[in-house]
Amino acid sequence: MMWLRKSFVHLLASLLLLSLLVLGVSTAIAQNFSKPTKVEGWLADSNIYGHFVKDVILQSDQSIGSSQQMSGISLSDTAVQQAAQSAFPTSLIKKSINDVLDANYAWLQGKTATPEFKVDLTAAKQSFAQQVGTYVTNYFSSLPVCTAAQAAQLTNIDPLSAPCRPSNVTAQQEGQMVQQQLTEGGSFLTKSVLTPATLNPDQKADSQPYYQNQKLQHLPKIYRTAVAIPWIALAVAVVTALGVIFIYPVRRRGVRKVGYGLVIAGVLLLASKFVVDAVFNHVKKSTFNNSSVGELQKSLTNFLGRAEHGVTQTEVYLAVVFIVLAVIIFVTLIVTRDKGTKTADAPVNEPVADAPAPTDNVAPAATKPVVKPTAPTVSKPKTAGPIGGRPKPGGPKRPRLIQ
C-alpha cells in the first residue's frame, strides 16, 4: 500500500503545479482585463484617441462626387484633415470610445442584458462639413478664372488642387455643394449615430447586431468563467497541497514537496515573461516597423505592448510570491529539523518524570537513618562432658539421679 500512497502523492503534486501555473496566468489576465479602467488607461497612454480620426480619413479611399465638372475633394487633403481634427477633438473621441467600452463591460459582467450606448456624432459631422465648405469657398474665390483651354482640362480633379476657377461655377456654389455632400453622405462617417444595433460584424443591412451574433452572444458566459478561473485554481492548489502534506508517508517530506512545487511554478512564470517579451518584440519588428504603417497602427502597437507588459508584470509579482512562500517553507523545515529529530529519537513508552523542584519556605522532610540488616548469629551446640565426670563450670547442671 505504500507505493499506492506515493503514486497518489505524485499525482497530487502534478495537479498542484498545474493549478499554480493556471492561477498565475489567469490572475494576470483577469487583473488587467476584468475592468475597463485599465484598458482605457492604455488607450490614452498610447495616443489612439488622437490618431483615430486622422487614420479613418486616410482609410477612406473614395472621393466626394460633384455634379459639376469637378469630381469633389479628397479626404486625404491636409485642409480636410485639419477640419476633421477640429470638428472631432480628442476629448470627443475619448468619451465616445470609453462609453462603448463601459457599455460592453456592463453587458459582459451581466449588469445589462445588452450593451447600452449611443454615440451621436451628428453635430461634429455638420461642423466638419461646414469647415470644409468654408475652406473650399475661400480657396475657390482666390483662384483666377480659367481659360477655355484650362476649363477643358478640369475634369475629375480635386477642387482644392485646381489651378483656376471655371467661369460657370462660383466659389459659394462650390463650397455649398461640398458641404452638402459631406453632411448627407460620402465616404467619411456614413453613420453619424452609433448604437449596438448599428454595429454588426457582417456589415450587411439585414445582419444581426454583434451581441446577437452566433459567435459573440456567448461572450458574457465566457467572460464570467474567465473571471472565476483564478478562484477555482486557488481552491484546487490549496486542496492538492493539503493532500500532498497529509497523504505523504512522512509529513515533513510532504511539506518539502509542496515547497518544490511553488519554486517550479515561480520559475516557469518568470521564464514565460521573457519568452512572451521576445515573441512580441519579434512580431513588432517584423510587422509594424515599416514606413507604410500609419500612426494609428503604431498607437495600436503601443497599446498591445502596454497590455502585454501589464499581464507579464503581474505574472512576475505572483512568481515572486510563490518563491517567497517556498523559501519560508524551507527555512521552517530547517529550523525545526533538530527538534523533529529529537522527538523522533525519544523513547515512546518510557516517559521521563521531572523531579519536583524544591520550593521556598518549605523545610525538607527529615530523612530516617537507614539501618542495615545484620546477619543472624547461629550459636554452636554445646556438647556434654564425659559420663560421670564433672560438668564444666558455667555449663548446664547435671541432672540428679533419683534412687
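Just so you know, these numbers come straight off a predicted model, no measurement behind them.

1. Re the overall build of the chain
Part 1 of the reasoning: Helix and strand counts for the chain come out as 12 helices and 2 strands.
Part 2 of the reasoning: Tracing the chain from N to C terminus, the helices and strands come up as α-α-α-α-α-β-α-α-α-β-α-α-α-α.
Part 3 of the reasoning: Put simply, the chain has 403 residues, and 33% of those count as buried.
Part 4 of the reasoning: Long-range contacts, defined here as pairs at least 24 residues apart, represent 75% of the contacts in the chain between residues at least 6 apart.
Part 5 of the reasoning: Looking at the chain as shown, the accessible area adds up to about 26,700 Å², and 61% of this sits on carbon and sulfur atoms.

2. Overview of the nonpolar core
Part 1 of the reasoning: F88, F128, V132 and L182 are the most contacted members of the largest nonpolar core, which totals 36 residues.
Part 2 of the reasoning: Going through the elements one at a time, α2 (36–45), α3 (48–59), α4 (78–87), α5 (90–108), α6 (122–141), α8 (171–184) and α11 (295–335) are the ones with two or more residues in this core.
Part 3 of the reasoning: Ranked by size, the runner-up nonpolar core spans 21 residues in total, among them A233, Y248, L262 and A319.

3. As for the confidence of the model for the chain
A low pLDDT means the predicted coordinates there should not be read in detail.
Part 1 of the reasoning: Chain-level statistics for the chain give a pLDDT mean of 79 and a share of 74% at 70 or above.
Part 2 of the reasoning: Looking across the chain, the model is least confident in helix α12 (residues 337–345), with a mean pLDDT of 55, and most confident in helix α9 (residues 219–247), with 94.
Part 3 of the reasoning: This stretch, residues 378–389, has a pLDDT under 50; its non-local contacts, to residues over four places away or in other chains, come to 3 contacts.

4. Remarks on the side chain of N32
Part 1 of the reasoning: Considering the arrangement of structural elements, one finds N32 in helix α1 (residues 2–33).
Part 2 of the reasoning: Contacts of N32, omitting those with residues within four sequence positions, involve K38, V39, W42, G310, V311 and T314.

5. So, the pattern of salt bridges
Part 1 of the reasoning: Taken as a whole and assessed by the stated rule, the structure comprises 2 salt bridges.
Part 2 of the reasoning: The residue K95 makes a salt bridge to D99 at a minimum N-O spacing of 3.0 Å. One end of the pair is K95 and the other is D99, both in helix α5 and 4 residues apart, which spans about a single turn.
Part 3 of the reasoning: The exposure class assigned to K95 is exposed, which follows from its relative accessible area of 52%.

6. Some remarks on the packing of aromatic side chains
Part 1 of the reasoning: Counting across every chain of the model gives 7 aromatic pairs.
Part 2 of the reasoning: Judged by centre distance (6.2 Å) and plane angle (65°), the rings of W42 and F303 are edge-to-face. Here F303 lies in helix α11 and W42 lies in helix α2, a separation of 261 residues in the sequence.
Part 3 of the reasoning: Judged by relative accessible area, which is 13%, F303 ranks as buried.
Part 4 of the reasoning: Here the aromatic rings of Y210 and Y211 are separated by 5.8 Å at their centres, their planes lie at 85°, and the arrangement is edge-to-face. An identical accessibility class is assigned to Y210 and Y211; each is buried.
Part 5 of the reasoning: Through successive ring pairs, a cluster of aromatic residues spans F33, W42 and F303.

7. As for α8
Part 1 of the reasoning: Helix length check: α8 (14 residues) gives 20 Å between terminal C-alpha atoms against 20 Å at 1.5 Å per residue, within 8%.
Part 2 of the reasoning: Among the residues making up α8, those that are buried are A171, E174, G175, M177, V178, Q181 and L182. Angular distribution of buried residues about the axis of α8 spans 160°; they occupy a single face of the element. Pointing more than 90 degrees away from the buried face of α8 are the exposed residues Q176 and E184.
Part 3 of the reasoning: Buried residues in α8 make contact with α6.

8. Points about α1
Every α-helical turn comprises 3.6 residues, leaving residues that sit three or four positions apart pointing alike.
Part 1 of the reasoning: For α1, built from 32 residues, the straight-helix expectation of 46 Å at 1.5 Å per residue is met to within 8% by its first-to-last C-alpha distance of 46 Å.
Part 2 of the reasoning: Buried within α1 are the following residues: V9, L12, A13, L16, S19, L20, L23, G24, S26, A28, A30 and N32.

9. A closer look at a nonpolar patch on the surface
Part 1 of the reasoning: Where nonpolar side chains cluster on the molecular surface, the patch consists of F8, L11, L15, L18, V22 and I229 and spans about 490 Å² of accessible area.
Part 2 of the reasoning: Among the elements that line the nonpolar patch, the one with the most residues is α1, at 5 residues.
Part 3 of the reasoning: Take L11: it is sitting in helix α1.

Each value, and the rule that gives it
The written sequence of each chain sets the order in which its residues are numbered from 1. Per-residue local features of the predicted model are confined to residues with pLDDT of at least 70, and side-chain atom pairs are confined, for both listing and counting, to 80 or more; whole-chain, interface and lining totals are unaffected and use all residues. Excluded from the side-chain calculations are hydrogens and water; all other atoms, namely the structure's heavy atoms, are used. Put simply, DSSP marks the helices as runs of H or I at least four residues long and the strands as runs of E at least two long, and each gets a number from the N terminus on. Each residue gets one of three labels from its accessible area relative to the maximum for its type: buried under 20%, exposed over 50%, partly exposed in between, using a 1.4 Å probe on protein chains only. It only takes one pair of heavy atoms within 4.5 Å for two residues to be counted as in contact. Surface exposure here means Shrake-Rupley accessible area, sampled with a 1.4 Å probe, where a residue is shielded only by the protein chains that are shown. Buried residues of nine kinds, namely Ala, Val, Leu, Ile, Met, Phe, Trp, Tyr and Cys, make up a nonpolar core once their side-chain atoms join them within 4.5 Å. Scored between 0 and 100, pLDDT is the confidence that the predictor attaches to each residue. We define a salt bridge as a side-chain nitrogen of Lys or Arg found within 4 Å of a carboxyl oxygen belonging to Asp or Glu. Here a pair means two rings of Phe, Tyr or Trp (six-membered ring of Trp) with centres within 6.5 Å. Their orientation is stacked below 30 degrees between planes, edge-to-face above 60, and tilted elsewhere. Any helix carries an expected span of 1.5 Å times its number of residues minus one. This arc is built from the directions going out from the helix axis to the C-beta atoms. Patch construction takes residues with relative accessible area above 30% that form no salt bridge. Like charges are linked within 9 Å, and nonpolar side chains (Val, Leu, Ile, Met, Phe, Trp, Tyr) are linked within 5 Å.

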